[in-house]
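# An overview of the molecular structure
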Amino acid sequence: MEIKLNSSFNEAYIERCSKETETMIANESASFLTKPITYLKEHKREFIYVESALFEEIGVEGVSIEVDDVFGTYDVMLGLKLQKKFEKMLKEQLNHSLQGDEAKFDLMFSHDDGLWDLNFALNYVDAYRENLSIHESLQLIHQFLSALVHTVKQTTS
């Protein structure tokens, strides 16, 4: 999978937050997205939270990215608006789409808000490279989730 550089996050809402307290450290402008994703390895106590119309279009409210303290992977956490009936197909697609033996994900349906809580490591998404910018990482996440949602809806309709 190649990253298609057609999606822009220039209008996105971006926060840097403390992992410990989940409080906002700073509200960032689009220029922050030019930083390398390794920014998170250099600032392990932070995570980035992004809201964008591009994510909303595919049923994702917002995306958080942080470095996993144990494995050193870039963990992507989000809420996905898909009905509970899609569970089997969603799990099959995640197992199929994430590369590598260690490619793990957490998927849990929350009845409270009707969202799937999905966590996965960006490192196991095809086309991931350590030298991606934050912007390219968001594009890759968007592309991955778009394909996931499209396939799940297509297969079960």
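Everything that follows concerns the structure shown earlier in this document.
The notes below deal with the structure included here. (Residues numbered from 1 in each chain as written. Predicted model: local features only at pLDDT ≥ 70, side-chain atom pairs only at ≥ 80, totals over all residues. Heavy atoms only, no water.)

### Quick look at the packing of aromatic side chains
Counted by the stated rule, this structure contains 5 aromatic pairs. Measuring from ring centre to ring centre gives 5.2 Å for phenylalanine 32 and tyrosine 39, while their planes differ by 85 degrees; the resulting arrangement is edge-to-face. The pair phenylalanine 32 / tyrosine 39 is uniform in exposure class, with both members buried. When the ring of phenylalanine 109 is compared with that of tryptophan 116, the centres are 5.0 Å apart and the planes differ by 65 degrees; the resulting orientation is edge-to-face. For the pair phenylalanine 109 and tryptophan 116, one class covers both residues: buried. (Phe/Tyr/Trp six-rings, centres within 6.5 Å; stacked < 30°, edge-to-face > 60°. Buried < 20%, exposed > 50% of the residue type's maximum accessible area, 1.4 Å probe, protein only.)

### With respect to helix α3 (residues 87-97)
Met89, Leu90, Gln93 and Leu94 are the residues of α3 that are buried. The arc enclosing the buried residues of α3, seen along the axis, measures out at 135 degrees, which places them on a common side. Exposed residues pointing more than 90 degrees away from the buried face of α3 are listed as Lys88, Asn95 and His96. (Helix = DSSP H or I, 4+ residues; strand = E, 2+ residues; numbered from the N terminus. Arc of directions from axis to C-beta.)

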